[in-house]
Amino acid sequence: MSKQSGYHVAVDVGGTFTDVFVFDEKTGKMFVTKTSSTPSNPEKGILDGIMKAELTGEQIKMFSHGTTVGTNALIERKLPKAALITTKGFRDVPEIRRGTKLDLWDAYNDVAEPYIKRRDRFELDERVGFNGEMMKEVDEAEVRELARILKRRKVESVAICFMNAYVNGENERKTREMLQEELPDVYICTSSDTLPEIFEHERMSTTIVNAVLGPTVSKYIHLLESNMKDIGYEGDIIVLHSGGGVMTSQTVPKYAARLASSGIAAGAIASKHIANMCGYKNAIGLDMGGTSTDISLMYDNELRITKDWYIEYGYPIGFPSIEILTIGAGGGSISWIDEGGSLRNGPHSAGADPGPACYGNGGLEPTNTDANLVLGRLNTKLIDGQMTLDKELSVRVIEEKVAKPLGYDTLGAANAMIQVANANMCDALNLISVRRGYDPRDFALVAFGGAGALHGADLAREMEIPTVIVPAHPGVAAAMGCLLVDVRHDISKTYVAKAAEATKEQLENEFIEMEKEATELLAEEGIEAGQMNLIRYIDMRYVGQWRTLSVTIDRPIVSLEDAIERFHLEHEREFAFSDREKGIEIYGLRVEAIGTVKKPEFVKEQPVGTLEEALKETRPVYFQEEGGMVESKIYNRTKIPVLSEFQGPAIIEQLDSTIVVPADYKVKIDEYRNIIMNRI
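Keep in mind that what you see is a predicted model, and the values were worked out from it rather than measured.

About the thresholds
Residues numbered from 1 in each chain as written. Predicted model: local features only at pLDDT ≥ 70, side-chain atom pairs only at ≥ 80, totals over all residues. Heavy atoms only, no water. Helix = DSSP H or I, 4+ residues; strand = E, 2+ residues; numbered from the N terminus. Rg over C-alpha atoms; globule rule 2.2 N^0.38 Å. Buried < 20%, exposed > 50% of the residue type's maximum accessible area, 1.4 Å probe, protein only. Contact = heavy atoms within 4.5 Å. Areas by Shrake-Rupley, 256 points an atom, 1.4 Å probe, with all protein chains shown as cover. Lys, Arg positive; Asp, Glu negative; His and termini not counted. Charge placed at Lys NZ, Arg CZ, Asp CG, Glu CD. 1 Å grid on protein atoms, 1.4 Å probe; cavity = no way out; pocket = protein on both sides within 12 Å on 5 of 7 lines; lining within 4 Å. Points joined across faces, edges and corners; volume = space filled by probe spheres on them. Nonpolar A, V, L, I, M, F, W, Y, C, P; charged D, E, K, R; others polar. Axes fitted to C-alpha atoms, helices over the stretch in contact; angles between N-to-C directions. Parallel < 35°, antiparallel > 145°, perpendicular 65-115°, else oblique. Left-handed = near helix turned anticlockwise from the far one by under 90°. Pairing = 2+ DSSP bridges. Phe/Tyr/Trp six-rings, centres within 6.5 Å; stacked < 30°, edge-to-face > 60°.

1. Details of the overall build of the chain
Per the secondary structure count, the chain includes 16 helices and 35 strands. Here the C-alpha radius of gyration of the chain, 26 Å, is about what a compact globule of 680 residues would show, namely 26 Å. Dimensions along the principal axes, computed over C-alpha positions, put the chain at roughly 80 × 65 × 55 Å. When burial is assessed residue by residue, the chain has 57% of its 680 residues classed as buried. Of the contacts formed within the chain by residues at least 6 apart in sequence, a portion of 67% connects residues at least 24 apart. When the accessible surface of the chain is summed, it comes to about 28900 Å², and 49% of that surface belongs to carbon and sulfur atoms. Across the chain, the mean location of the 76 positive side-chain charges is 2 Å away from that of the 103 negative side-chain charges.

This is the structure in structure tokens:
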């Protein structure tokens, strides 16, 4: 490859594969590679993927990626020795939480242990009033004695969370400065810097997550930077965060908790972009990989954002995040029979090692990949022949673990496995659409990930979604999403006032102060003033309620009336009622700071070749709606001319995915090589 070319490289590190998406800004062409993930050493998988793409560091103009390092560290509890310092009397907030659990009726299903054990949580005798009044300053001798204890215990990270610090963080700041003098090598973060919002549990939980991930993420980023420099890359390491933006390596350590869902956010970004390319403003993203399925929703060109999310239930992370539902339904999800004799699918997975039985690596459980192979949906050769699947091994485990116990034949058992997996995914699709007040019939389904296009048409039929879109490179679409985002930061604060009594002058002053902090953060990321875009949000609720909704407000503020009207309309859609006679309370303010960066512009293609030239073969494929095996055309996707149209039944194969086209679907290939399927 020419060294004069400027390549944009995006990498998505998944649980099974590390996907590499490469865009040549000189020619407008793109190509992809896949390599096995290395969970114990994720940067190795990244470098292996770059080498497989035959690139050197000097050829890479921009490098961005989504990482599961933070997610895996929390799940696996591979965390540094950390301590919490809080106000006297509040040591047990991480245990008390909100007194709930994921399954209220399961007495044996306990919430996970706190990230910081009780013996490592310390109290200081300080106090700030609800209005920010300093009631008792921290005692320097007490803090320095605590520093001695932390040093003796070899603490690597400290979270400081004092009560009411969201309105006055002076005691937190003083404590941090004294600890930094005594413990210069320890990572320290405060709640007033991390999340200056009311509610001690959510603020403390977010600060704790930030503290336990800080050293882990910093170490990973520094190691990756070093490895990238070794191959000649001198630019910034850009990392996707949960809010759908990116941060540079300099900012990542300060907001480490935002990387807790870094990898899965990339898929939602890609889904939005792909839907827009095809002319859709409403889309549901279905990112089905080897281990799980991530589902997102875009309505009127906006992805749903939530501040109610977590990696483990009971420990919320308060940073704004793209709302994504994740379920244990992937290519490697295992089918099993419960005590009542019912067939189940997932959430446990065969993963990358040993993987599905057909991988031939010792897997002994039937997976969705095995079922798709037996049904003829998958070829025995994947990744352009780089991987060979053993169909006989799939038949053996499905017969032994599913068919014989249930009295099915092999095809019936494999089809039942797929139907159960599809039912699980439909439940999640309903949850993010119908349960949120959206009609699936108004949306397109963007199916991607290594396995999404295998199931997309069946799910759309069940949900009455009229259109299925499969991007040009579905298996690495999440990696592509890392190239399509801007630098983004969210600045928030608690602000409680009745809407009828609040003045636009007061709110304007508050927003101006927040915007000052936001622009400073963007400037640190190297964003010029002309590339900065600041969007204001105001959180409101009906007086007497605790649920809040976030709506946009003008910049500068002309009137509160438009924001109040948007609140009523959004409340009607979200909760099926609104009350214009009831008082409204302002609860919080937020500034979304976006630093626009140059993105790749994908070129339209002209038709080359014929559909007949793309036809590889025909083979029997099982379609339940057709009553069994049907002789189906098998196409090589890379040879299908753009603007082609044809009808199923068909299978479309490519390097990173396989697309199933049932007989009742019509296919059109657009000029960007997206597949658009509509039910006849």
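2. Section: the layout of surface pockets
In this structure, the second largest pocket spans a volume of roughly 530 Å³. Lining the second largest pocket are 26 residues, and of these Ser192, Asp193, Pro196, Ser492 and Glu517 lie nearest its centre. At the level of secondary structure, the elements contributing two or more residues to the lining of the second largest pocket comprise helix H5 (170-182), helix H6 (191-194), strand S25 (487-498) and helix H14 (504-524). When grouped by side-chain class, the residues that make up the lining of the second largest pocket number 10 nonpolar, seven polar and nine charged.

3. Here's the deal with the packing of helix H11 (residues 410-432) against helix H12 (residues 449-463)
At a minimum axis distance of 10 Å, the contact between H11 and H12 shows a crossing angle of 60°. Considering their axes alone, H11 and H12 lie oblique with respect to each other. Here H11 and H12 pass one another in a crossing that is right-handed. Counting all contacts with H11, which are made through Ile418, Asn422, Met425, Cys426, Leu429 and Asn430, the residues of H12 involved are His455, Asp458, Leu459, Glu462 and Met463.

4. Structural notes on the sheet that holds strand S6 (residues 121-124)
Pairing is parallel across the open sheet formed by four strands, whose spatial order is S6-S5-S9-S10. The sheet is open, and its two borders are formed by S6 and strand S10 (187-190), each paired with just one other strand. Between one strand axis and the next, the sheet turns by 20° as a mean value, whatever way the strands run. Across four bridges, strand S9 (residues 157-161) lies against S10 in parallel orientation. The residue bridging Val158 from the neighbouring strand is Ile188, located in S10. Relative to the sheet, helix H4 (residues 140-152) contacts strand S5 (82-87), S6 and S9, its axis offset from that of S6 by approximately 170°. Sheet contacts for H5: S5, S6, S9 and S10; angle to S9, the most-contacted strand, approximately 160°.

5. Things to note about the packing of aromatic side chains
Going through the model one piece at a time under the given rule, you end up with 13 aromatic pairs. Pairing Phe63 with Tyr233 gives two aromatic rings, centres 6.2 Å apart and planes at 65°, and the pair type is edge-to-face. On the criterion of sequence distance, the pair formed by Phe63 in strand S4 (residues 60-66) and Tyr233 in the loop between helix H7 (200-230) and strand S11 (237-240) is long-range, its members being 170 residues apart. Each member of the pair, Phe63 as well as Tyr233, is classed as buried.

Treat this as a map of the structure, not an account of what it does.
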